[in-house]
Amino acid sequence: MTLISFVVPAFQVQGYLRECLDSILIQPYGDLEVIGIDDASPDGSGEILAEYADRDPRVRPVRPAENVGLGPARNIGLDRAAGEWVWFVDGDDWLVPGCLPHVANRLMATRPDVLIVDHVRAYWNNVGTRSAMPEVFPESPGEETFRLRDRPEAMRLLHTAWNRVVRREFLIERGLRFEPGWYEDVSFSYPVLMAAERIGVLDRICLNYRQRRNGAITRTRGDRHFEVFAQWHRVFRLMDRWGPEVTALRPGIFERMIWHYLTVLGNGERIAPELRPAFFAQMHDDYVRFLPPEGYPVPPGLHGVKHQLVAAGSWRTFSALRAAHQAEAHARRSVRRVRRRVLPVVRRAAQGARDGLLGEYYRAELRRPIDPSLAVYAAYWYRGYACNPAAIYAAARRLAPHVRGVWIVRPDRVASLPPGVEYVVAGTRDYYRVLARARWLINNVNFPDHVRKRAGSVHLQTHHGTPVKVMGLDQQRYPLGAVGMDFARLLRRVDRWDYSVTSNSFSTQMWERAYPARFTTLEVGYPRNDRLALATRDECRQARAELGIGPDETVVLYAPTHREHLPAWRPPFDPDRMREVLGPSGRVLVRSHYFHDRDRRPRGPATGGVLDVSDHEPVEDLYLAADVLVTDYSSAMFDYAVLDRPIVVYAPDWDAYRVTRGVYFDLVSEPPGALALDFPALLDVFRSGALRSERAEQARQRFRARFCAFDDGHAAERVVRRVFLDGSA
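Residues numbered from 1 in each chain as written. Predicted model: local features only at pLDDT ≥ 70, side-chain atom pairs only at ≥ 80, totals over all residues. Heavy atoms only, no water.

## Some details on the overall build of the protein
Part 1: The secondary structure content of the protein amounts to 26 helices and 22 strands.
Part 2: Compactness check: the protein gives a C-alpha radius of gyration of 30 Å against a globular reference of 27 Å for 729 residues, within 12% of the reference.
Part 3: Restricting the contact set of the protein to residue pairs at least 6 apart, pairs at least 24 apart contribute 74%.
Part 4: By element, 51% of the accessible surface of the protein is carried by carbon and sulfur atoms, the whole surface being about 31800 Å².
Part 5: Within the protein, the 90 negative side-chain charges are centred at a point lying 6 Å from the centre of the 101 positive side-chain charges. (Helix = DSSP H or I, 4+ residues; strand = E, 2+ residues; numbered from the N terminus. Rg over C-alpha atoms; globule rule 2.2 N^0.38 Å. Contact = heavy atoms within 4.5 Å. Areas by Shrake-Rupley, 256 points an atom, 1.4 Å probe, with all protein chains shown as cover. Lys, Arg positive; Asp, Glu negative; His and termini not counted. Charge placed at Lys NZ, Arg CZ, Asp CG, Glu CD.)

Right, here's the structure in full:
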């Protein structure tokens, strides 16, 4: 028999589900199964479960015919579980590395009906807070098992399904299942504790309880929070049915009920002000209805006062007390804000009169009407006309001629603009005017912090690659790759986005996790790849000719990414040795990342078959000219794959890179072609024929199917119709 069945419900958690599944499957303990329930999720959660099932037989996906909700979805998993114990883990949470052997050892040593494990609340800003375990059990119970009436303090631990591993036969024997509706954990977790003969506690943090910035039920306002009452009513009905065996637990359960009601009511993100009196009235009714005859342990201090007001049904007094408490907290926050603002004000005052005047001009322009026909474009921090914004601009000129497109560029990049492209120079009055007045703002990075999101304006974030390395908030876990980043400011910039363009479902999932905000995703392909998808042989020949490359030469493009955590480090690559392996007809093009433009050598003629093309624009010319791409963790591989030509992943620092910088998927296990982990192995890929082996070809086709399905040459058109013409993507 399998020891542990993990039941993982998934509904709109595509940005987090991979991390959840990986955290289970890579544990150093293999006697497990994962039953993943795709609860008719409208996002890519079902595809992710199917993908994992294809490569790991321990994963068993299930999809009900319709959305059933979290509780019934868990029941579906329970009915299919074969493990001796069941662990219900939500699809947006994840296990702590290395925890499972400790859990398994405790299960086998003590054979509990339920084993409670510790957890941390993992917030989106990388802050973690401990559970109540240290306060509830100041001294660890160790391997002792107990009944709840012997250690009633156990009910003060968070009442969730995911912090306890439950014996499956125990659940079946007692008929314990999840009920539908919100707060379904209440009517499961307390009965489980009350019915268990053997409760164990593992004083070890085993799970990260994700606190999402948006999308979580606990941060969603609505009347569905009233469903908490029905869940508690079920608990008391079970207590009535079980009779004397749980009578002694009734006072403690009652106190937990009132505590929970107060927690829900006290959260301003759950109960809207107009619903608070009705919620309080139901609290009072339940207080009167379920109050134990012998009373219950009323908490001391302010919490005890709240209990007394609930008992009396005194909503006005309760509301006034809450308002006074909020006013006091607001005053403390205001003092802190004033202190934080003093230094920035002093700094701004020293920035100079010109910046101050331009700032005033920008604020004045913000008060003027939005120009209904103005679209402002930018790319790579105003480096010029490039990437997805350039492709969208060209498509908009054709499909939406009523839209006036204006580019923002740095002074030193003006000469790089194509003829006829209207522009403003960054930092000038015209720059601030168009930023303030534009209806559409399109960028493949974020606009600066000083840019304000106006009502009626539309911000389109196009990104500039499919992510291999972790991005956004996920970088908080890899501080070496996030030096100098201000994540609070990053989120303020992300909150300006109305649309986010993605090239595949994988990018959609990762951006949702890295940039948690309320934007709409346009999963349409990358506009910059339209040219690659539609390229003709003549265009490829022309691209080669402009580089001085003949039709019979074999061209290898080497395009590594940068290492922001190791800015002076470069992958070991000898272009001359590479060219020797290619033979007399071989050419090697070397392109550094744009972050390295200070290190570039002047572009010149090829020397011995090696050409530095670091400053060649656009990069799509190089893709069209190359027969083979060699890269490491760069998004170039996703673009180049559109051409269906050989790709070699050269990752000499893979082990260090994934640990220090962080990656979203195992590029070594799922490469887009041949793989080399050191330079001799890279040369051997070309010598041995592994470059075009059947294995490499199959890997490339799998990669293309996964990442390039939308790159059909019409991505820019889909974006323009959705964003500028109010059509469907």
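That shown, we press on.
## Details of the nonpolar core
Part 1: Counting residues in each nonpolar core, the largest one holds 66 residues, and the members touching the most others are Phe88, Leu171, Met194, Trp232, Ile253 and Met283.
Part 2: Ignoring any residue separated from it by four or fewer positions in sequence, one finds Trp232 in contact with Val186, Tyr190, Ile253, Arg256, Met257, His260 and Tyr261.
Part 3: Counting residues in each nonpolar core, the second largest holds 54 residues, with Phe506, Tyr515, Ala626 and Phe703 among its members. (Core = buried A, V, L, I, M, F, W, Y, C linked by side-chain atoms within 4.5 Å. Buried < 20%, exposed > 50% of the residue type's maximum accessible area, 1.4 Å probe, protein only.)

## Notes on the sheet that holds strand 15 (residues 499-502)
Part 1: What the 7 strands build is an open sheet, ordered 12-11-10-13-14-15-16; its pairing is parallel. For this open sheet the edge positions go to strand 12 (423-425) and strand 16 (520-523), each flanked by a neighbour on one side alone. Between one strand axis and the next, the sheet turns by 25° as a mean value, whatever way the strands run.
Part 2: In this structure, strand 10 (residues 371-378) lies alongside strand 11 (residues 404-409), joined through 4 bridges in parallel fashion. Considered in strand 11, the bridge of Ala375 is made with Gly405.
Part 3: Contacts between helix 15 (residues 429-437) and the sheet are confined to strand 10, strand 11, strand 12 and strand 13 (438-443), with strand 13 contributing the most and set at about 105° to the helix. (Pairing = 2+ DSSP bridges. Axes fitted to C-alpha atoms, helices over the stretch in contact; angles between N-to-C directions.)

## Details of the environment of Asp56
Part 1: Inspection of the secondary structure assignment puts Asp56 in the loop between helix 2 (45-55) and strand 3 (59-62).
Part 2: Classification of Asp56 as buried rests on a relative accessible area of 13%.
Part 3: Considering only alpha carbons, one finds Asp56 and Val34, 22 residues apart in sequence, at a separation of 9.8 Å.
Part 4: Of note is the side chain of Asp56, whose polar atom sits 2.9 Å from the side chain of Arg58. (Polar contact = N/O pair within 3.5 Å; in protein donor to acceptor, adjacent residues only side chain to side chain.)

## Remarks on the packing of aromatic side chains
Part 1: A complete count under the given rule lists 44 aromatic pairs for this structure.
Part 2: Where Tyr287 meets Tyr296, the ring centres are 6.0 Å apart and the plane angle is 75°; that geometry is what we call edge-to-face. Each member of the pair Tyr287 and Tyr296 is classed as buried.
Part 3: One aromatic cluster is present, formed by Phe506, Phe638, Phe665, Phe703 and Phe707 through successive ring pairs.
Part 4: In this structure, Arg55 packs its charged tip against the face of Tyr52, placed 4.2 Å from the ring centre. (Phe/Tyr/Trp six-rings, centres within 6.5 Å; stacked < 30°, edge-to-face > 60°. Lys NZ or Arg CZ within 6 Å of the ring centre and 35° of its normal.)

## With respect to the pattern of salt bridges
Part 1: Following the criterion strictly, the structure yields 55 salt bridges and no others.
Part 2: Arg74 is the salt-bridge partner of Asp90, the closest N and O atoms lying 2.8 Å from each other. Linking Asp90 in the loop between strand 4 (85-88) and strand 5 (94-95) with Arg74 in helix 3 (residues 70-80), this pair joins segments that are 16 residues apart in sequence. No difference in accessibility class separates Asp90 from Arg74, as the two residues are buried.
Part 3: Among the ionic pairs, Glu360 bridges to Arg363, the shortest N-O distance being 2.7 Å. In this pair, Glu360 and Arg363 both sit in helix 13 (residues 353-366), 3 residues apart, roughly one turn of the helix.
Part 4: For Glu360, a relative accessible area of 47% gives the class partly exposed.
Part 5: It is possible to trace a salt-bridge network through shared partners that takes in Arg18, Glu51, Arg55, Glu670 and Arg706. (Salt bridge = Lys/Arg side-chain N within 4 Å of Asp/Glu carboxyl O.)

## Details of the pairing of strand 8 (residues 164-167)
On any regular strand, side chains alternate: one points to one face of the sheet, the next to the other face.
Part 1: With 3 bridges joining them, strand 4 and strand 8 adopt antiparallel strand pairing. In the sheet register, Trp87 faces strand 8, and the bridge partner there is Val165.

## Topic: the side chain of Glu255
Part 1: Structurally, the position occupied by Glu255 is in helix 9 (residues 250-266).
Part 2: In this structure Glu255 touches Arg156, Tyr296, Pro297 and His307, once residues within four positions along its chain are discounted.

## Side note on the state of the cysteines
Part 1: Taken as a whole and assessed by the stated rule, the structure comprises 0 disulfides.
Part 2: Of the cysteine sulfurs around Cys20, a residue in no disulfide, the closest is that of Cys99, at 12 Å.
Part 3: Unpaired in this structure, Cys206 has its nearest cysteine sulfur neighbour in Cys99, at a distance of 4.4 Å.
Part 4: In this structure Cys206 comes out as buried when scored by relative accessible area, which is 0%. (Disulfide = S-S within 2.5 Å.)

## Describing the environment of Arg212
Part 1: The topology assignment puts Arg212 in the loop between strand 9 (199-211) and helix 8 (227-242).
Part 2: Taking the C-alpha atoms as reference, Arg212 lies 6.6 Å from Tyr123; in sequence the two are 89 residues apart.
Part 3: Polar side-chain contacts of Arg212 include one of 3.3 Å to the side chain of Asp92.

## Focus on the packing of helix 8 against helix 10 (residues 276-290)
Part 1: The geometry of helix 8 relative to helix 10 is characterised by a closest axis approach of 11 Å and an angle of 5° between their N-to-C directions. Looking at the two axes, helix 8 sits roughly parallel to helix 10. Within the contact between the two elements, helix 8 uses Val228, Phe229, His233 and Phe236 and helix 10 uses Phe279, Gln282, Met283, Asp286, Arg289 and Phe290. (Parallel < 35°, antiparallel > 145°, perpendicular 65-115°, else oblique.)

## Quick look at the sheet that holds strand 17 (residues 554-558)
Part 1: Ordered in space as 19-18-17-20-21-22, the 6 strands form an open sheet in which the pairing is parallel. Each edge of the open sheet carries a strand with a single partner, namely strand 19 (610-612) and strand 22 (674-676). The average angle at which neighbouring strand axes cross in this sheet is 20°, direction not considered.
Part 2: Across 3 bridges, strand 21 (residues 647-650) lies against strand 22 in parallel orientation. Within strand 22, the residue paired with Tyr650 across the bridge is Ala676.

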